[in-house]
Amino acid sequence: MTPGLAFFYGGLVSKRNVVNTLLSVFMICGLAIILWLAVGYSLSFSGNAFGVVGDLKAVWLHGVDLTGLTPTKITNGLYLIFQMMFAIITPALFVGAVVGRIRFKFLLSFIICWSVLIYYPMVHMVWDNGFLANLGVIDFAGGTVVHINAGVTALVLSIFLGPRRKFGQDTEAHYNVLWVLLGTAILWIGWYGFNAGSALAMNDIAVQAFLTTTVATATSMMTWMIIEMITQGKPTLVGVCTGTLCGLVGITPACGYVTVSGAFWIGLLATFASYGFISLIKPRLGIDDALDAFGCHGVSGIVGSILTGLFASKQVNSSIAQSGLFYGGGFKLFGLQLLATAFTIAFTAAVCTIIIIGLRRVVKMRVDEQEEALGLDQGEHGEVADYTVPMSKELSSMQAHSEEFKGQLSQLLNHQERFR
């Protein structure tokens, strides 16, 4: 999923920032794995400090019996590897908000602090024995832990960074729209591991999660396309891919708890919410979330998390304490989902703000104007993804020399005629 996201984001940015975008996403595969094994698994699933975070008894998996079984009858080793996937992809999501203007060193440092202070505590609170889990909050595959968390982080980073140069006037084309489709397809395939895999078994719940993920995604894709055809007169590939992603995000917290009809409505409503925010609200706010990480992951994640409290059904998954409001469960689960959503937004925004304020005293947050104009590919990495520009310059030079030679040849022929 993470390389797929790299292609998705890389295809959307300008050709001056492709290498930086690809690297900013892909390097997390290495960074998050090391962090997860060093302290992440321990802070997420070892001990319980005030219902908020674990402890450090399992640093570098010390004392962890990798062959021992979890309550779901899979080994501890398999479970920690599966959870490691979430630890990799989640910080990669908010990279899309800050492309083209954030210093690579700051991003690297921020992801380390963010993982330790925000992500691992959220995992513990929702998926281990933290206070949200004990209250009865449900999140099948990461509505709060992954998408709202990453989306709010994207929004806060965008606010602190400020807009890009010529924001609102920059007409640079996407680097490669075909990459966007490729990345979307890879993400969709990988999402089945994300959602269906969260059943932690090959069983009826996994099949249900697979099916609801498919239904919500198809609904969201077609909804976005129809909206564009009505409002703009024609559909776009980027829009259809964005709608696809909104469906995947929206169904994530609910996929193992809802019926097929519930998945349809979640996909539909998540798309309307994200499209409305991106096209109507975001322009008025003036916030430069470059690739709509909050508009897609944050907004659709919020919608999906809340609607889980409406559409969850004990007939689909008997492990939940009560059904949602629309399936006879009353307001309790709906209220808990509202609480968890609001808490995730507030917690992530507050801690993000503290991290940014402290970190930028040590590491410069934003590239200077000259480097931003040049592009982060050359400024931050000394590489370029597209050699069309240098080749064009060389071709122009050759054409200029050719024209000069033609002029000299013409003069020579004129002198020859006079001599005759």
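Starting afresh in each chain, residues are numbered from 1 along the sequence in its written order. Residue-level local features of this predicted model are given only where pLDDT is at least 70; pairs of side-chain atoms are given and counted only at 80 or more, and the full residue set underlies all totals for whole chains, interfaces and linings. Remark: hydrogens and water are excluded; side-chain values derive from all non-hydrogen atoms of the structure.

- Within an unreviewed UniProt entry, the label attached to the chain reads Ammonium transporter, and the organism entered is Lactiplantibacillus xiangfangensis.
- Word for word, the UniProt comment on the chain under Sequence similarities (unreviewed entry) is "Belongs to the ammonia transporter channel (TC 1.A.11.2) family." UniProt positions are given in the numbering used here, feature names are shortened, and annotations may be inferred rather than shown by experiment.

With respect to helix 4 (residues 76-93)
- Runs of H or I in DSSP of at least four residues are treated as helices and runs of E of at least two as strands, each being numbered from the N terminus. Helix span is expected to be 1.5 Å times the residue number reduced by one. In this model helix 4 runs 27 Å from its N-terminal to its C-terminal C-alpha over 18 residues, within 8% of the 26 Å that 1.5 Å per residue would give.
- Note on exposure labels: buried denotes an accessible area under 20% of the residue type's maximum, exposed denotes more than 50%, and partly exposed covers the range between, all computed with a 1.4 Å probe on protein chains only. The buried count for helix 4 comes to 15 of 18 residues, which makes it a mostly enclosed element.

Focus on the packing of helix 4 against helix 6 (residues 104-127)
- Axis definition: a line fit to C-alpha positions, over the contact stretch in the case of helices; interaxial angles, taken between N-to-C directions, run 0 to 180 degrees. Direction vectors running N to C along helix 4 and helix 6 enclose 130°, while the axes themselves pass 11 Å from each other. For the element pair helix 4 / helix 6, the angle class is oblique. The two elements helix 4 and helix 6 cross, and the hand of that crossing is right-handed. Where helix 4 abuts helix 6, its residues Tyr79, Gln83, Phe86, Ala87, Thr90 and Pro91 lie against Ile111, Trp114, Tyr119, Val123 and Trp127. Note on terminology: angles under 35 degrees are roughly parallel, angles over 145 are roughly antiparallel, angles of 65 to 115 are roughly perpendicular, and the others are oblique. It is the rotation of the near helix from the far one that decides the hand of a crossing: anticlockwise by less than a right angle makes it left-handed, clockwise makes it right-handed. Whether two residues touch is decided by their heavy atoms; if any such pair falls within 4.5 Å, the residues are in contact.

Considering the nonpolar core
- In plain words, nonpolar cores are sets of buried Ala, Val, Leu, Ile, Met, Phe, Trp, Tyr and Cys residues tied together by side-chain atoms within 4.5 Å. In this structure, Phe94, Phe110 and Tyr119 are the most contacted members of the largest nonpolar core, which totals 125 residues.
- Those residues within four positions of Phe94 in sequence are excluded, and the remaining contacts are Leu107, Phe110, Ile111, Trp114, Ala150, Thr153, Ala154, Leu157 and Ala293.

Thoughts on a nonpolar patch on the surface
- On the surface, a nonpolar cluster with roughly 280 Å² of combined accessible area is contributed by Leu178, Leu181 and Leu237.
- Relative to the helices and strands, Leu181 is located in helix 9 (residues 177-195). Patches were defined on residues exceeding 30% relative accessible area and lacking a salt bridge, with like-charge contacts within 9 Å and nonpolar side-chain contacts (Val, Leu, Ile, Met, Phe, Trp, Tyr) within 5 Å. All accessible-area figures derive from a Shrake-Rupley calculation using a 1.4 Å probe, and residue coverage is judged against the displayed protein chains alone. Within this document, salt bridges are pairs made up of a side-chain nitrogen of Lys or Arg and a carboxyl oxygen of Asp or Glu, the two lying within 4 Å of each other.

Observations concerning the side chain of Thr21
- Along the polypeptide, Thr21 turns up in helix 2 (residues 18-26).
- Overall, Thr21 belongs to the buried group, its relative accessible area being 0%.
- Leaving out residues up to four positions away in the same chain, Thr21 has contacts with Tyr9, Gly10, Val13 and Val99.

Describing the packing of helix 1 (residues 2-12) against helix 2
- Axis separation between helix 1 and helix 2 bottoms out at 9 Å; the angle between their running directions is 155°. By the angle between their directions, the pair helix 1 and helix 2 is classed as roughly antiparallel. The two elements helix 1 and helix 2 meet at a crossing, and its hand is right-handed. Side by side, helix 1 and helix 2 meet where Thr2, Pro3, Leu5, Ala6, Phe7, Tyr9 and Gly10 of the first sit next to Val18, Thr21, Leu22, Val25 and Phe26 of the second.
- Of the residues belonging to the contact of helix 1 with helix 2, the class tally is nine nonpolar, three polar and no charged. Note on residue classes: Ala, Val, Leu, Ile, Met, Phe, Trp, Tyr, Cys and Pro are nonpolar, Asp, Glu, Lys and Arg are charged, and everything else, Gly too, is polar.

Observations concerning the side chain of Thr212
- Among the structural elements, Thr212 can be located in helix 10 (residues 204-231).
- Looking at Thr212, its side chain comes within polar contact range of the main-chain oxygen of Ala209, at 3.2 Å.
- Here a polar contact is taken to be a pair of N or O atoms separated by no more than 3.5 Å, where protein atoms must pair a possible hydrogen donor with a possible acceptor and residues adjacent in sequence count only if both atoms sit in side chains. In terms of polar contacts, Thr212 uses its side chain to reach the backbone carbonyl oxygen of Cys255, at 2.8 Å.
- Residues in contact with Thr212, not counting those within four places in the same chain, are Ile251, Cys255, Val258, Thr259, Val260 and Ala263.

Focus on helix 1
- Of all eleven residues in helix 1, nine are buried, a share of seventy percent or more.
- Three or more residues of helix 1 are buried, namely Thr2, Gly4, Leu5, Ala6, Phe8, Tyr9, Gly10, Gly11 and Leu12.

So, the environment of Val303
- By the element assignment, Val303 lies in helix 13 (residues 293-311).
- Residue classification places Val303 among the buried positions, given a relative accessible area of 16%.
- Along the primary structure Val303 and Ser274 are separated by 29 residues, whereas in three dimensions their C-alpha atoms are 9.1 Å apart.
- Setting aside residues no more than four positions away along its own chain, Val303 makes contact with Leu269, Ala270 and Ala273.

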